[in-house]
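So the chains spell out like this:
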Amino acid sequence: MKIKNIIRQFALVLIFLVSIGASAQLEKSTGTRITDNMAEKTLNETAILDLDSSTKGFYMPRMNTAQRDQLAAKLLVEKANGNENTGLAIYNTTNDCIEYWHASTAKWRSLCGSLPPAKFDFVDGCGNNNIDPSGNIKVDGAPFPSWQQGMAFDPLQHTISIRVYVSQIGTYTAMADSGNGYFFSAEGQFQSEGNYTIVLRGMGAPKNGYDQAGTGKKGDKLKFTFNNVASAKCTDGIDFNVIPAFLRFTIKKADYIALGKYYVGKEASEADGNKVELDLNIGVIGTARVTAKNEALGLGFVGEKTFEQDGAQKMTLTPMSGSLAPKLNDLDSYELTLEANVKPADMASTINGAKVKVTIEKTEIAIDHTKVDFGKEPLYQGTALNNKHIITVPVKVIGSGKANLKLRNAEGVEFEAKNVVFNKLDNPNQTQNITFRAVENQKLMPNTTTSDFTMSGDGARFLIKDSAIIKFNLEKKPVAYTIDCNNITSNRRTVIWDKPIGDTYHIIVPVDVTVAGEYELNTTIGVQDMWFSTTVDGKKAEFKSTGKQNAILYPKNKNIVPKEKGEKQTGITNADGNSETLCDATFKIKVGYPDLNVLVLIDNVYNGQHYMGDFLTSQNRFGETGELVETGVVNITRGVVTSSPYDYAKPEYVTARKKIADDIKAKKYNLIISEMALTLMMGLDTPIAAALEDYITVQKGWFIGVNSNFEANTTYFEAMKREIGTARFVSEGTWKVDHQFATANMFKKLAIVDLKLTRYYHNDLADKPRGFQKNSDRFTFKDVYTLDNSRSILWVTSIGVPDITGTNFEALVNLTTDKPNEALAMIHKEYNWILYTNFDHGNNRGMFSNMDFVDYNAKNKIKSPWFGSDGKPTFNNIKRQTAEHLSNLLKTVVNKMMNE
């Protein structure tokens with residue numbers, strides 16, 4: 001009691017000391033409270049300090065034993081000076097204990113006990129002078145000390161006395177363990193250092209005995225531990241002999257059955273009637289110990305009984321500690337191995353062929369169908385399972401065990417629960433939840449409202465009582481898709497102005513469908529009363545398959561006539577319940593024709609002969625009668641370059657070429673025209689050629705390359721064929737190195753395989769018809785635009801005509817009907833790229849500035865002679881024919897651009 005009072009006193013002092021300097025204090029008149037909970041609390045008047053926390057402790061001074069002893073030396077000096085230092089406490093990290101200074105005895109005391117754990121060992125090893133067994137039995141021929149197999153130790157009689165040296169006072173536990181069912185132990189305190197004799201008292205009984213007459217093992221090795229630490233001076237221990245029991249008996253030969261019921265994982269107990277009853281015939285009396293166990297099964301029985309008379313007697317084996325719960329039940333029965341406490345040589349005659357068998361109840365469950373939890377992830381018709389599908393099935397465990405379970409329907413859709421352990425519960429009505437996870441095998445649920453899943457287990461003795469079928473309710477999965485919000489487009493760029501919209505315009509929404517089905521998309525804003533929807537005449541659209549595809553929004557009212565030119569944004573929303581389809585992107589609907597943004601590439605050397613811009617902006621355009629093609633604003637940009645090697649590197653042309661390339665890459669134009677071969681072949685550089693290639697192949701823009709004379713035309717295609725041009729146009733210096741005929745290389749890459757040139761003279765054409773049209777899915781030219789076939793219109797000496805066989809071009813205009821692949825005008829088979837040959841340096845004027853021929857009568861073509869009285873071609877007739885043909889070509893191109 002005195003020690004306890006001291007402990008209480010020093011604890012209060014400790015707490016008071018820790019409180020000094022603490023934060024978050026609530027001052028009270030009766031003391032101090034330190035807390036991490038700022039709620040008000042009344043401080044008890046009997047407490048000077050209140051440490052209030054449910055999540056934190058407090059630290060006191062921490063030091064090891066050596067540091068503590070240095071502090072003790074100071075305390076002894078102060079004690080000599082009259083200062084007792086009562087109440088001083090520390091935490092000793094060496095022995096993991098709180099210690100306080102006991103001033104009256106001038107010693108450290110421990111709260112782990114009156115003393116800390118002692119340090120001690122044998123005085124000088126494990127010789128006979130340090131170890132003295134007593135109480136051993138006297139057996140003739142058996143060495144000292146000896147005990148008998150199966151004979152229990154008496155703690156008062158069977159002892160071992162040992163001599164030890166104590167180097168540190170404190171509490172102690174000493175033990176000598178045999179590993180054969182018995183041990184010796186003692187505990188207490190050492191109050192001072194020095195030599196001690198400790199008496200270790202025996203407990204238990206030897207399980208195994210040894211033949212003392214043989215040459216093998218005769219006993220056990222006892223090893224000593226002091227305070228759970230192995231002795232350092234007696235590492236090998238000492239030998240104790242164990243002689244076999246005198247008992248002689250046999251088990252009646254029979255097949256014994258373990259009584260009671262046994263379940264996997266459930267501990268057997270004598271109280272539940274789990275036991276084995278054996279019939280024995282005792283020949284020599286004594287204490288018999290019999291075991292029946294199966295290590296793999298995890299079940300064992302043991303019985304021990306002292307027989308004081310011989311003859312037939314019974315022995316009961318009860319469940320063995322450590323082997324109570326069976327692990328297996330896949331066999332109908334398991335055999336237990338019998339062993340007895342007899343000599344190994346006598347074991348077979350003692351067991352006498354007797355066998356013990358035990359039956360472990362089969363694994364049996366019953367499904368509670370009323371409480372099946374089908375999880376949060378919906379089960380849809382016609383779809384596969386995913387990793388979110390989790391089903392929980394409650395079952396009553398009739399017979400415990402283990403199994404891998406499956407839930408499977410007729411379509412092969414599966415759930416599985418692996419390594420399930422079924423526990424036999426005391427309450428037979430209590431259920432155990434089994435969690436099944438989806439098997440992602442891509443099998444589809446049936447397109448029905450329900451599906452029957454059958455539960456099965458892989459155990460050989462696994463049984464589901466009553467029904468093993470669980471009925472799943474299946475929902476019809478709603479359509480699921482995502483919209484590519486950045487690529488919403490329309491079939492044409494604008495809605496036609498001042499005409500009923502009809503079927504001319506619809507919105508194209510790219511989607512990625514994950515679940516097919518009916519869907520509905522609508523515009524959110526009416527543009528001049530025009531609303532668009534995927535639902536037509538009350539019938540919803542339907543995705544027939546999954547994957548990337550387009551949803552088409554058609555006009556709800558095809559009779560709407562937009563009257564105002566302009567543009568307005570609208571959003572896209574869905575009416576099919578699929579929130580994943582929505583996006584923040586808007587779509588711009590434009591009414592009227594698109595703007596025509598044209599880049600005309602012209603050459604400074606021949607600048608006066610280029611009239612394309614004038615033609616595109618003139619009032620009379622795109623037709624022999626001045627017929628107009630509706631467009632938006634027409635913006636003409638003249639891109640002036642130079643084909644002169646002397647001007648090529650001048651800053652103004654370097655800057656101009658860079659701006660041309662940048663504007664093309666920035667998608668500024670939807671029509672690009674180059675009027676001369678020199679412009680393309682000698683005026684452009686590699687950056688412009690790369691931008692043109694992107695414009696043609698990626699942007700899908702329209703490009704017309706116009707050549708203005710025959711000789712240049714021939715060189716133009718020769719340059720394409722040779723990739724870098726002919727020597728006649730190459731000069732030394734920067735231009736040659738920088739230029740390298742970039743556009744020729746681009747043409748070679750995209751269009752020309754092996755271009756062959758044919759040179760015709762006008763006399764060769766006198767009697768050959770020349771058609772200037774080639775109807776195709778892209779173009780249809782009117783007959784009025786064909787040249788008169790009665791006479792050659794050529795007035796210069798020759799023309800170079802490429803053979804487009806083997807190229808990616810097809811003829812728009814051919815020279816003769818019998819040679820359709822020799823083209824004066826051609827269009828690329830894949831891209832919007834036209835190459836065209838005019839007839840003279842000056843004949844552009846016939847199209848661009850001489851529109852006085854627009855009243856030309858197609859029915860009276862012969863009225864104006866092709867040649868004058870001097871036999872030379874009439875220049876105005878040539879201009880007129882060129883104007884008519886180019887007018888038709890541009891009208892067709894612009895019509896297509898405005899209506900795409």
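Rules used throughout
Residues numbered from 1 in each chain as written. Predicted model: local features only at pLDDT ≥ 70, side-chain atom pairs only at ≥ 80, totals over all residues. Heavy atoms only, no water. Helix = DSSP H or I, 4+ residues; strand = E, 2+ residues; numbered from the N terminus. Buried < 20%, exposed > 50% of the residue type's maximum accessible area, 1.4 Å probe, protein only. Contact = heavy atoms within 4.5 Å. Areas by Shrake-Rupley, 256 points an atom, 1.4 Å probe, with all protein chains shown as cover. Disulfide = S-S within 2.5 Å. Core = buried A, V, L, I, M, F, W, Y, C linked by side-chain atoms within 4.5 Å. Pairing = 2+ DSSP bridges. Axes fitted to C-alpha atoms, helices over the stretch in contact; angles between N-to-C directions. Phe/Tyr/Trp six-rings, centres within 6.5 Å; stacked < 30°, edge-to-face > 60°. Lys NZ or Arg CZ within 6 Å of the ring centre and 35° of its normal. Salt bridge = Lys/Arg side-chain N within 4 Å of Asp/Glu carboxyl O. Expected span 1.5 Å × (residues − 1). Arc of directions from axis to C-beta. Polar contact = N/O pair within 3.5 Å; in protein donor to acceptor, adjacent residues only side chain to side chain. Parallel < 35°, antiparallel > 145°, perpendicular 65-115°, else oblique. Left-handed = near helix turned anticlockwise from the far one by under 90°. Nonpolar A, V, L, I, M, F, W, Y, C, P; charged D, E, K, R; others polar. pLDDT = per-residue confidence, 0-100.

Examining the overall build of the protein
Right, so step 1: Of regular secondary structure, the protein possesses 12 helices and 52 strands.
Right, so step 2: The buried share of the protein, reckoned over its 900 residues, is 47%.
Right, so step 3: The contacts in the protein between residues at least 6 apart in sequence include a share of 69% that link residues at least 24 apart.
Right, so step 4: Just so you have it, the protein exposes about 44,800 Å², and 49% of that area is on carbon and sulfur atoms.

Points about the state of the cysteines
Right, so step 1: Per the counting criterion, the structure on display carries 1 disulfide.
Right, so step 2: The disulfide partner of Cys-126 is Cys-234, and the gap between their sulfur atoms is 2.4 Å. On the S-S bond that ties Cys-126 to Cys-234, the torsion sits near 95°, and the link is right-handed. Within this pair, whereas Cys-126 is found in the loop between strand S8 (119–122) and strand S9 (131–134), its partner Cys-234 is found in the loop between strand S16 (229–230) and strand S17 (238–243), the two being separated by 108 residues in sequence.

Digging into the nonpolar core
Right, so step 1: Counting residues in each nonpolar core, the largest one holds 31 residues, and the members touching the most others are Phe-249, Ile-251, Leu-278, Val-290, Leu-338 and Val-358.
Right, so step 2: Breaking this core down by element, the ones donating at least two residues are strand S18 (248–251), strand S20 (276–284), strand S21 (286–294), strand S22 (299–307), strand S23 (311–319), strand S24 (334–340) and strand S25 (355–358).
Right, so step 3: Contacts of Val-290, omitting those with residues within four sequence positions, involve Phe-249, Ile-251, Leu-278, Phe-301, Val-302, Gly-303, Met-315, Leu-317, Leu-338, Glu-339 and Ala-340.

What about the sheet that holds strand S6 (residues 97–102)?
Right, so step 1: On the basis of which strands lie adjacent, the open sheet formed by 4 strands has the order S4-S5-S6-S7 and mixed pairing. The open sheet has two free edges, formed respectively by strand S4 (62–63) and strand S7 (107–110), since each of these has just one partner strand.

A look at the pairing of S24
Right, so step 1: Across the two faces of S24 the burial differs, with Tyr-334, Leu-336, Leu-338 and Ala-340 buried and Glu-335, Thr-337 and Glu-339 not buried at all.
Right, so step 2: Bridge count for S21 against S24 is 4 bridges, and the pairing is antiparallel. Looking at S24, one finds that Thr-291 is bridged to Glu-339.

Digging into the sheet that holds S21
Right, so step 1: Here we have 8 strands laid out as an open sheet, ordered S18-S20-S23-S22-S21-S24-S25-S19, and mixed in their pairing. The open sheet terminates on both sides in strands that have one partner only, identified here as S18 and strand S19 (255–257). Put simply, the sheet's adjacent strands are angled 30° from each other on average, direction ignored.

As for the packing of aromatic side chains
Right, so step 1: Taken as a whole and judged by the stated rule, the model has 24 aromatic pairs.
Right, so step 2: With 4.6 Å between their ring centres and 50° between their planes, Phe-190 and Tyr-196 make a pair best called tilted.
Right, so step 3: Chaining the aromatic ring pairs together yields one cluster made of Phe-120, Phe-122, Tyr-172, Phe-190, Tyr-196, Phe-224 and Phe-226.
Right, so step 4: The ring of Tyr-263 carries the charged tip of Lys-424 above its face, separated from the ring centre by 5.2 Å.
Right, so step 5: When the ring centre of Trp-497 is taken as reference, the NZ or CZ atom of Lys-565 above it lies at 4.5 Å.

A word on the pattern of salt bridges
Right, so step 1: Enumeration according to the criterion identifies 25 salt bridges in this entry.
Right, so step 2: Of the charged contacts in the structure, one is a salt bridge between Asp-503 and Lys-558, with a shortest N-O distance of 2.8 Å. Of this pair, Asp-503 sits in the loop between strand S35 (489–490) and strand S36 (507–515) while Lys-558 sits in the loop between strand S41 (547–555) and strand S42 (566–574), and the two are 55 residues apart along the sequence.
Right, so step 3: Using a relative accessible area of 57% as the deciding quantity, one classes Asp-503 as exposed.
Right, so step 4: For Arg-657, the salt bridge identified is with Asp-685, shortest N-O distance 3.0 Å. Pair noted here: Arg-657 is in helix H5 (residues 651–665) and Asp-685 is in the loop between helix H6 (677–682) and helix H7 (686–697), with a separation of 28 residues, a long-range link.

Concerning helix H2 (residues 65–80)
One full turn of an α-helix is made of 3.6 residues, so residues set three or four places apart face in the same direction.
Right, so step 1: Counted at 1.5 Å a residue, the expected span for H2 with its 16 residues is 22 Å, and the 22 Å between its end C-alpha atoms agrees.
Right, so step 2: Among all positions of H2, only Thr-65, Arg-68, Ala-72 and Leu-75 are buried. Within H2, the buried residues cover an arc of 65° as seen down the axis, which keeps them to one side. Exposed positions of H2 whose direction lies more than 90 degrees from the buried face are Gln-70, Lys-74, Val-77 and Ala-80.
Right, so step 3: For H2, the elements touching its buried residues are S4, strand S5 (89–92), S6 and S7.
Right, so step 4: Capping the start of H2 is the job of one residue whose side-chain oxygen sits 3.3 Å from the backbone nitrogen of Ala-66: Asn-64.
Right, so step 5: Backbone geometry just downstream of H2 places Gly-82 in the positive-phi region, at approximately 95°.

A look at the side chain of Asp-50
Right, so step 1: Residue placement: Asp-50 occurs in strand S3 (residues 49–52).
Right, so step 2: For Asp-50, the residues in contact, after removing those within four places along its chain, are Thr-32, Arg-33, Ile-34, Lys-41 and Leu-43.

Things to note about the pairing of S36
Right, so step 1: Most of S36 is tucked away: 7 of the 9 residues are buried.
Right, so step 2: Note: S35 against S36, 2 bridges, orientation antiparallel. Each residue of the ladder has a partner; that of Thr-489, found in S36, is Ile-508.
Right, so step 3: Note: S36 against S41, 7 bridges, orientation antiparallel. Bridge pairing links Asp-512 to Lys-548 in S41.

Examining the environment of Leu-474
Right, so step 1: Here Leu-474 lies in the loop between strand S33 (469–473) and strand S34 (480–483).
Right, so step 2: For the pair Leu-474 and Thr-450, spaced 24 residues apart in sequence, the C-alpha to C-alpha distance is 5.3 Å.
Right, so step 3: With near-sequence residues (within four places) excluded, Leu-474 lies in contact with Leu-379, Gln-381, Met-445, Pro-446, Thr-448, Thr-449, Thr-450 and Ser-451.

Notes on the packing of H5 against H7
The packing of two helices is summarised by the inter-axis angle and the distance between the axes.
Right, so step 1: Running from N to C, H5 and H7 cross one another at 20°; their axes reach a closest spacing of 9 Å. Considering their axes alone, H5 and H7 lie roughly parallel with respect to each other. Relative to H7, H5 is oriented so that their crossing is left-handed. Packed against H5, whose contacting residues are Arg-657, Ile-660, Ala-661, Ile-664 and Lys-665, the element H7 presents Pro-687, Ile-688, Ala-691, Leu-692 and Tyr-695 at the interface.
Right, so step 2: Among the residues forming the contact of H5 with H7, the class breakdown is 8 nonpolar, no polar and 2 charged.

Describing unusual backbone geometry
Right, so step 1: Despite not being glycine, Asn-85 has its phi angle at roughly 55°, a positive value.
Right, so step 2: Relative to the helices and strands, Asn-85 resides in the loop between H2 and S5.

A short note on H5
Right, so step 1: The end-to-end C-alpha distance of H5, which contains 15 residues, comes to 21 Å, matching closely the 21 Å that a straight helix rising 1.5 Å per residue would cover.
Right, so step 2: Residues of H5 that are buried include every one of Tyr-653, Arg-657, Ile-660, Ala-661, Asp-663 and Ile-664, and no others. Down the axis of H5, the buried set is contained in an arc of 165°. They therefore lie on one face. Of the residues in H5, the exposed ones pointing more than 90 degrees away from the buried face are Pro-651, Thr-655, Lys-658 and Lys-665.

Quick notes on the confidence of the model for the protein
Right, so step 1: Across the protein, the average pLDDT comes to 78, with 74% of residues at or above 70.
Right, so step 2: Model confidence for the protein, summarised as mean pLDDT per element, is weakest for helix H11 (residues 844–848) at 34 and strongest for S25 at 97.
Right, so step 3: Low pLDDT (under 50) marks residues 16–28, which in the prediction has 23 contacts with non-local residues, meaning those over four places away or in another chain.
Right, so step 4: Contacts for the low-pLDDT stretch residues 619–626, under 50 throughout, to residues beyond four places or in other chains number 27 contacts.

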